[in-house]
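In case you want the letters, here they are:
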Amino acid sequence: EPEVTQTPSHQVTQMGQEVILRCVPISNHLYFYWYRQILGQKVEFLVSFYNNEISEKSEIFDDQFSVERPDGSNFTLKIRSTKLEDSAMYFCASSDVGSNQPQHFGDGTRLSIL
Amino acid sequence: AQSVTQLDSHVSVSEGTPVLLRCNYSSSYSPSLFWYVQHPNKGLQLLLKYTSAATLVKGINGFEAEFKKSETSFHLTKPSAHMSDAAEYFCVVSDGRDTGRRALTFGSGTRLQVQP
């Protein structure tokens, strides 16, 4: 069964540094998403991406964050200047076009900011 | 606005006994509802979904859930627990059918422990 893959599985970064989290969505999916889960808290929506632009974003997704589809297979989340509170598990997801289509998640990247 | 409340943060059952994980939702629209499972160090796997068809939804691994609009509930059940069912379970709501929005709203999760 096709799956969403995320790399790396664990990323450790110094505060203030830029970090890029990478995702390969399921190949025939057209919607892509990022969510995060801070330790002990709920999974939270960050952003959705369709047709090479952001279709929806949450209040969390401020100017420090950006997303990109640099080629036909990858989908990336960049955090420009990391803060301690960015430490979390980041999940990438993808879905087909229909509004009822479920989102399929990757295994996540654990981001630790020191 | 939409929200999800998972009524139990932790549920412990014996292997072979029934499982009940409770979920209540709130939505201003006709919601789509999902259950996802997360095994340790793994991603979120879709168990089942409700999107306005049959109110009793069957999923993978013997799980099912019933959408009850009058009770705003979407409880997850399984007749007989297996050791491999031990994991974290998330109830999730979307109002995308009516709003076009894609953001999922997650509950806080229920950790299921299965005793031998």
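Here we summarise the structure given alongside this text. (Residues numbered from 1 in each chain as written. Chains lettered and ligands numbered in written order. Predicted model: local features only at pLDDT ≥ 70, side-chain atom pairs only at ≥ 80, totals over all residues. Heavy atoms only, no water.)

### Looking at the overall build of chain B
Which entries qualify depends on this criterion: Helical segments are the DSSP runs of H or I of at least four residues, strand segments are the runs of E of at least two, and each set is numbered from the N terminus. Working definition: with a 1.4 Å probe on protein chains only, accessible area under 20% of the residue-type maximum means buried, over 50% means exposed, and in between means partly exposed. Contacts: residue pairs with any heavy atoms within 4.5 Å of one another. The Shrake-Rupley method, run with a 1.4 Å probe, gives the accessible areas here. Residue values count only the displayed protein chains as cover. Residues scored as charged are limited to Lys and Arg (positive) and Asp and Glu (negative), so that His and the chain ends carry no count. Charged side chains are reduced to one point each, which is NZ for Lys, CZ for Arg, CG for Asp and CD for Glu.
Each helix and strand counted, chain B has one helix and twelve strands in total. Over its C-alpha atoms, taken along the principal directions, chain B stretches across nearly 45 × 30 × 20 Å. The buried share of chain B, reckoned over its 116 residues, is 46%. Taking contacts inside chain B between residues at least 6 apart in sequence as the whole, the part at least 24 apart equals 59%. For chain B, the exposed surface amounts to about 5,300 Å²; the carbon and sulfur share of it is 49%. Within chain B, one finds 11 positive and 9 negative side-chain charges whose respective centroids are separated by 6 Å.

### Structural notes on the packing of aromatic side chains
Our working rule: Here a Phe, Tyr or Trp ring, Trp counted by its six-membered ring, pairs with any other such ring whose centre lies within 6.5 Å, and the pair is stacked when the planes are under 30 degrees apart, edge-to-face when over 60, and tilted otherwise.
Summed over all chains, the structure comprises 20 aromatic pairs over all chains. Both rings, one in A:Tyr35 and one in B:Phe106, keep their centres 5.7 Å apart while their planes meet at 70°; by these two values the pair is edge-to-face. Taken together, the residues span two chains, with A:Tyr35 in strand 4 (residues 31-37) and B:Phe106 in strand 11 (residues 105-106). By relative accessible area, which is 2% here, B:Phe106 ends up buried. Ring centres 5.3 Å apart and planes at 40° place the aromatic pair A:Phe49 and A:Phe75 in the tilted group. A residue pair is termed long-range when its members are at least 10 positions apart, and A:Phe49 in strand 5 (residues 43-50) and A:Phe75 in strand 8 (residues 75-79) qualify at 26 residues. Of the two residues, A:Phe49 and A:Phe75, both sit in the buried class.

### What about the interface of chain A and chain B?
Selection criterion: Summed over both partners, buried area is the accessible surface (1.4 Å probe) that two parts give up on being assembled. Basic side-chain nitrogens of Lys or Arg form a salt bridge, by our definition, when they fall within 4 Å of a carboxyl oxygen of Asp or Glu. Each polar contact in these results corresponds to two N or O atoms within 3.5 Å; when the atoms are within protein, one needs to be able to donate a hydrogen and the other to accept it, and residues that are neighboring in sequence are counted only if both atoms are side-chain atoms. Note on residue categories: nonpolar means Ala, Val, Leu, Ile, Met, Phe, Trp, Tyr, Cys or Pro, charged means Asp, Glu, Lys or Arg, and polar means any other residue, Gly included.
Each partner contributes to the interface: chain A provides 21 residues, whereas chain B provides 21 residues. Interface area, chain A with chain B, both sides summed: about 1,800 Å², of which 52% is carbon and sulfur. Notably, a salt bridge pairs A:Glu56 with B:Arg101, separated by 3.2 Å at the nearest N-O pair. Inspection of the region where chain A meets chain B yields nine residue pairs in polar contact (both at pLDDT 80 or more). Going through the elements one at a time, strand 4, strand 5 and strand 9 (88-95) of chain A are the ones with two or more residues in the side of chain A that touches chain B. Per-element accounting of the side of chain A that touches chain B gives the leading share, four residues, to strand 4 of chain A. Looking at the side of chain A that touches chain B residue by residue, the classes come out as nine nonpolar, eight polar and four charged.

### Topic: unusual backbone geometry
Residue and element names in this part refer to chain A. Of note, the bond from Thr7 into Pro8 is cis; its omega dihedral lies within 30 degrees of zero at -10°. Summarising the element assignment, Pro8 is placed in the loop between strand 1 (5-7) and strand 2 (10-13). Even without being glycine, Asn51 reaches a positive phi, approximately 55°. Structurally, the position occupied by Asn51 is in the loop between strand 5 and strand 6 (53-57).

### What about the layout of surface pockets?
What counts here: Method remark: on a 1 Å grid restricted to protein atoms, a set of points is classed as a cavity if a 1.4 Å probe fits but cannot get out and as a pocket if it is open with protein on both sides within 12 Å along at least five of seven lines; lining residues have an atom within 4 Å of a point. Grid points are joined across faces, edges and corners, and a volume is the space filled by probe spheres set on the points.
Of the pockets and cavities examined, the largest pocket occupies roughly 540 Å³. For the lining of the largest pocket, the elements supplying multiple residues, two or more each, are strand 1 and strand 10 (104-105) of chain A together with strand 5 (32-38) and strand 6 (44-50) of chain B. Of the residues contributing to the lining of the largest pocket, the split by class is eleven nonpolar, nine polar and four charged. Estimated volume of the second largest pocket: approximately 380 Å³. A:Gln37, A:Leu39, A:Arg110, B:Gln38 and B:Arg111 are, among the 17 residues lining the second largest pocket, the residues nearest its centre. Secondary structure elements with two or more residues in the lining of the second largest pocket: strand 9 of chain A together with strand 10 (87-94) of chain B.

### Here we look at a nonpolar patch on the surface
Spelled out, the test is: Each patch is built from residues lacking any salt bridge and having more than 30% relative accessible area; the joining distance is 9 Å for like charges and 5 Å for nonpolar side chains (Val, Leu, Ile, Met, Phe, Trp, Tyr).
The grouping of A:Leu30, A:Tyr50 and A:Val97 at the surface amounts to a nonpolar patch, some 220 Å² of accessible area in total. Along the chain, the position of A:Tyr50 falls in strand 5.

### Observations concerning the environment of B:Phe34
Mapped onto the fold, B:Phe34 is located in strand 5. With relative accessibility at 4%, the residue B:Phe34 sits in the buried group. When the C-alpha positions of B:Phe34 and B:Leu104 are compared, they lie 9.4 Å apart, and in sequence the two are 70 residues distant. Those residues in contact with B:Phe34 that lie beyond four places of it in its chain are A:Pro102, B:Leu46, B:Leu48, B:Lys49, B:Phe74, B:Phe90, B:Cys91, B:Val92, B:Ser94 and B:Leu104.

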